[in-house]
Amino acid sequence: MKNEINIGLLGFGVVGSGVAKILENHQEDLRHKLGVPVEIKKVLVKDQHKKRDTALSSDIFTTDLNEILEDPSIDLIVEVIGGTCEAKEAIESSLRAGKGVVTANKDVMAEYGPGLLQLADDNKCDLFYEASVGGGIPLIRTLEDGLASDRISALTGIVNGTTNFILTKMKHDKMSYEDALAEATELGFAEADPSADVDGIDAARKMVILASLAFSTEVLLEDVFVRGLKEIRDGDLELAEQFGYTVKLAGSAKKNSDGIEVAVEPVLFPNSHPLASVNNEFNAVYVYGDAVGETMFYGPGAGSLPTATSVTGDIVAACRNLLMGVNGKRPHAPQYERKVKSDETKLARYFHRIRVRDEIGVLTKLTAIYSSQGASLATVIQHSDKTETDADLIFITHQISRKQHLNIVAELNQTPEVIGLLSHYRVEGE
Ligand code: NDP
Ligand code: HSE
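The written sequence of each chain sets the order in which its residues are numbered from 1. Each chain is given a letter, starting from A, and each ligand a number, starting from 1, according to the order in which they appear as written. Per-residue local features are limited, in this predicted model, to residues with pLDDT of at least 70; the limit for side-chain atom pairs, both in listing and counting, is 80 or more; totals at the level of whole chains, interfaces and linings are taken over all residues. To obtain the side-chain values, all non-hydrogen atoms of the structure were used and water was disregarded.

(A) Broad picture of the site of ligand 2. Ligand 2 sits among Lys106, Asn160, Gly161, Thr162, Phe189, Ala190, Glu191, Asp197, Asp202, Lys206, Gly301 and Ala302. Using a 1.4 Å probe, accessible areas were evaluated by the Shrake-Rupley method; residue-level cover was limited to the displayed protein chains. Protein burial of ligand 2: of its 250 Å² of free accessible surface, 93% is covered by the chains. Mapped by element, the contributors of at least two residues to the shell around ligand 2 are helix H7 (161-172) and helix H10 (201-215). Here the shell around ligand 2 is composed, by residue class, of three nonpolar, four polar and five charged. Whether a residue is near a molecule or strand depends on its heavy atoms: if one lies within 4 Å, it is near. Numbering of helices and strands starts at the N terminus; helices are DSSP runs of H or I of at least 4 residues and strands are runs of E of at least 2. Gly falls in the polar group here, along with every residue not listed as nonpolar (Ala, Val, Leu, Ile, Met, Phe, Trp, Tyr, Cys, Pro) or charged (Asp, Glu, Lys, Arg).

(B) Geometry of the packing of aromatic side chains. Pairing of aromatic side chains requires ring centres within 6.5 Å, counting the rings of Phe and Tyr and the six-membered ring of Trp. Pairs whose planes differ by under 30 degrees are stacked, by over 60 edge-to-face, and all others tilted. Counted under the stated rule, the structure contains seven aromatic pairs. With 5.6 Å between their ring centres and 65 degrees between their planes, phenylalanine 165 and phenylalanine 189 make a pair best called edge-to-face. Of the two residues, phenylalanine 165 is situated in helix H7 and phenylalanine 189 in the loop between helix H8 (177-186) and helix H9 (195-198); the sequence distance between them amounts to 24 residues. A 1.4 Å probe rolled over the protein chains alone gives each residue an accessible area, and that area as a share of the maximum for its type sets the label: buried under 20%, exposed over 50%, partly exposed in between. Taking relative accessible area as the criterion, phenylalanine 165 reaches 3% and is therefore assigned buried. Phenylalanine 189 sits in the buried class, given a relative accessible area of 10%. On the basis of an interplanar angle of 10 degrees and a centroid distance of 5.9 Å, the ring pair of tyrosine 286 and tyrosine 288 is categorised as stacked. Residue tyrosine 286 is classed as buried on the basis of its relative accessible area, which comes to 5%. We classify tyrosine 288 as partly exposed; its relative accessible area is 25%. It is lysine 255 that lies over the ring of tyrosine 336; its NZ or CZ is 3.9 Å from the centre. Both a distance and an angle decide whether a charge sits over a ring: NZ of Lys or CZ of Arg must be within 6 Å of the ring centre and within 35 degrees of the ring normal.

(C) Structural detail: the site of ligand 1. The environment of ligand 1 is made up of 24 residues, and the closest members are Phe12, Asp47, Lys106, Glu191 and Gly303. At 2.9 Å, a backbone N or O of glycine 188 approaches a nitrogen atom of ligand 1. Looking at the shell around ligand 1 residue by residue, the classes come out as 10 nonpolar, seven polar and seven charged. Under this definition, polar contacts are N or O atom pairs within 3.5 Å; protein pairs additionally need one hydrogen-donor-capable and one acceptor-capable atom, and for neighbouring residues in sequence, both atoms have to be side-chain atoms.

(D) Structural view of the pairing of strand E2 (residues 38-44). Taking burial as the measure, the seven residues of E2 include five buried ones, the bulk of the element. Where strand E1 (residues 5-10) and E2 come together, six bridges link them in parallel fashion. The residue bridging glycine 8 from the neighbouring strand is lysine 42, located in E2. Here, a strand pair is defined by DSSP locating no fewer than two bridges between the strands. Note that E2 and strand E3 (residues 61-62) share two bridges and pair parallel. Counted as the bridge partner of leucine 44 is threonine 62 from E3.

(E) Quick peek at the sheet that holds strand E5 (residues 100-103). Pairing is parallel across the open sheet formed by six strands, whose spatial order is E3-E2-E1-E4-E5-E6. A single partner strand is all that each edge strand has here, and the edge strands are E3 and strand E6 (127-128). Helix-sheet contacts for helix H12 (residues 304-324) involve E1, E2, strand E4 (76-79), E5 and E6, and the interaxial angle to E4 is about 165 degrees. Contacts between residues were defined by any pair of non-hydrogen atoms, one from each residue, lying within 4.5 Å. To obtain an axis, a line is fitted to C-alpha atoms, over the contacting stretch when the element is a helix, and the angle between two such axes runs from 0 to 180 degrees between their N-to-C directions.

(F) Examining the packing of helix H5 (residues 106-122) against H10 more closely. Packing of H5 against H10 brings their axes to within 9 Å, and their N-to-C directions diverge by 50 degrees. In terms of orientation, H5 lies oblique with respect to H10. Pair H5 / H10 crosses with left-handed handedness. Within the contact between the two elements, H5 uses Lys106, Asp107, Met109 and Ala110 and H10 uses Asp202, Arg205, Lys206, Val208 and Ile209. In terms of residue class, the contact of H5 with H10 is built from four nonpolar, no polar and five charged. Every angle not falling under 35 degrees, over 145, or within 65 to 115 is termed oblique; those three ranges are roughly parallel, roughly antiparallel and roughly perpendicular. In this scheme, a crossing is called left-handed if the near helix is turned counterclockwise away from the far one by less than a right angle; it is called right-handed if the turn is clockwise.

Here it is as structure tokens:
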């Protein structure tokens, strides 16, 4: 029986320094819960000479991963360096060295998760990744344990803190996109390359992780339909507000007998929808199960201590397994074969903002296009505070397929009076 557990911490940035703080500040509670002390024995960083605000001795900081892997007293590795190549190699080497791994790395888990989980099993090690989705919200464990007996049919929610922070600041504080992104970066929410956040890739990776677990099937990044914040045009947030909607970058995953569909895109939520009031870096995810019905999980989706809480929760779980000698005993293989639903059959309500020449008969011509494609319209409004010659028409459809939507877009683009389809959104929740 071990009388202490030693950790090799890879990375001491936003998340890594938070993990060190929690292990230090809550050490008595953790010792009580585990029965043994948990200590950080070594820390891997890129720059050993960087000034760091920590109670840890500078002697334990190193730039040599092998120093950590070859230390037999280190039981568990916590990977929070981020990125793909070096992080993946570090996780693989740790597992091969017989050391369990806790990671917050969605890039690695979304792309290489199944192989790494298998490697962990082969080496009788744990590989836990709670912090890879939803920051401080215990979502992975909820899907793996709490809802283990249920069949999950859908997930929908906000899974990226940075974009939610940006959209909140733009809407409520009238901040510019650039200033809001700079503040999210300053607060430690954004990825090292924030294009992963704003282009929807970070959220797509998280949806891959969630959908694979929820539906017990393989889901690849290429299966996710992704649109990022670039799709949002000037004036869209205000326009949405006038119609009683809030724009959110949302992830959704559904499963039925035709297969699974997974998407990340800016979506309009009615202001009465709970997701419309999830603000700043907070995340929230609805999980729909056949037996449980609708459940919702809400909390901080990014940031040092919230994310470190999830990492530390994984550390506790891995330590318990280590103390009981039962590491690497979770079945990971998916139950179902990968089956992805065709994009074209996906049903949704659409919001179209179309800039047209403000001429007699344009509205009739455009509504005829929707009718010819079998699309029924819920709302048609001319929004004419533009120039004297142009106007914006807003069309909100009833449910149509993506193929119908694309056909309408193609026809609109060939209509001489149409200057352009400025933006289009899926409309959720009614
Ligand atoms: P940071 O950029 O703040 O920190 C990265 C740390 O890793 C730094 O200490 C850096 O060293 C070290 N590092 C980077 N590359 C190497 C390398 N090649 N070799 C050795 N050390 C290296 O990142 P975060 O803490 O924000 O993110 C870490 C991980 O957690 C990422 O996978 C991220 O996606 C994930 N995550 C982050 C969240 C957040 O809110 N920030 C939330 C959820 C997950 P040095 O200090 O010397 O520069
Ligand atoms: N950049 C990520 C986000 C960090 O903003 O959601 C949390 O995964």
